[in-house]
Amino acid sequence: MDAAFLITAFTTLFVVIDPIGLTPIFVALTAGLPAAERRAIALRACLIAVAILTLFAGFGEAVLGFVGISMPAFRIAGGILLFLTALDMLFERRTQRREGQASGEQPDPSVFPLAIPLIAGPGAIASMILLAGQRPGLPGLGAVVGVMLGVVVLAFLLFLAAPLIERALGRVGVNVVTRLLGMLLAALSVQFVLDGIRETGILGA
């Protein structure tokens, strides 16, 4: 598996899942809870998200084929979806929407809204299907799932260190990082669209 694909996969999933942006939301959802309960919620949320994303990486393309959607078409649609996510990040709409999804009293936020839709959201699911489609076969699937595990583990570690990170970065710091990641995701999403168009053959390539 070439290093360029692994770097692209990691960058895409890191930007889409956005562990840094999730950190202050995790703090808000678990405010006032003991440290042990916070760790348990973080672990459950990450395990559930891993199961969902692995399922879509393994069977997402088969489901698309069953309903008659080609991979180039899904690649273009996924790229557009990721581009809209990038716009939300650049203009703070994503953070506001996530905070809205996180609002309300939740007895256990590990499944909703942490695992779904904050970690394993539409963008992350689309990214898993797109990345797995770029490298068919078990080695490619293993690489994509491995990269996803790395990103989710990083999110878990950030959840554990959430109070320290929030104090260190501050709200302004989190906003700056989110905007930088949004610019990177916009470029990656355009590349997905271009790859999908190229695969259709309409450009004669």
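Rules used throughout
Residues numbered from 1 in each chain as written. Predicted model: local features only at pLDDT ≥ 70, side-chain atom pairs only at ≥ 80, totals over all residues. Heavy atoms only, no water. Core = buried A, V, L, I, M, F, W, Y, C linked by side-chain atoms within 4.5 Å. Buried < 20%, exposed > 50% of the residue type's maximum accessible area, 1.4 Å probe, protein only. Helix = DSSP H or I, 4+ residues; strand = E, 2+ residues; numbered from the N terminus. Phe/Tyr/Trp six-rings, centres within 6.5 Å; stacked < 30°, edge-to-face > 60°. Lys NZ or Arg CZ within 6 Å of the ring centre and 35° of its normal.

Undergrad: Looking at this structure, I do not really get the nonpolar core. What am I missing?
TA: Note that soluble globular proteins tend to have their nonpolar side chains buried in a common cluster. If you look at the biggest cluster of nonpolar residues, it comprises 52 residues, and the most contacted ones within it are Ile17, Leu53, Ile119 and Met148. At the level of elements, α1 (3–17), α2 (19–29), α3 (35–66), α4 (71–90), α6 (110–119), α7 (122–134), α8 (138–160) and α9 (162–200) are the ones that each hand at least two residues to this core. Looking at this core, the element that brings in the most residues is α3, giving 10 residues.

Undergrad: For this particular structure, what's the right way to read the packing of aromatic side chains?
TA: The geometry of an aromatic ring pair is captured by two quantities: the separation of the ring centres and the angle between the planes. Taken as a whole and judged by the stated rule, the model has two aromatic pairs. Relative to Phe14, the ring of Phe10 lies with its centre 5.8 Å away and its plane at 20°, an arrangement referred to as stacked. Within this pair, Phe10 and its partner Phe14 are both found in helix α1, separated by four residues, close to a single helical turn. Judged by its relative accessible area of 35%, Phe10 falls in the partly exposed class. The exposure class of Phe14 is buried, given its relative accessible area of 14%. Seen from their ring centres, Phe26 and Phe159 are 4.5 Å apart, and the 10° between their planes marks the pair as stacked. Here Phe26 is found in helix α2, whereas its partner Phe159 is found in helix α8, with 133 residues between them in sequence. A cation over an aromatic ring shows up here: Arg135 above the ring of Phe5, its NZ or CZ 4.4 Å from the ring centre.

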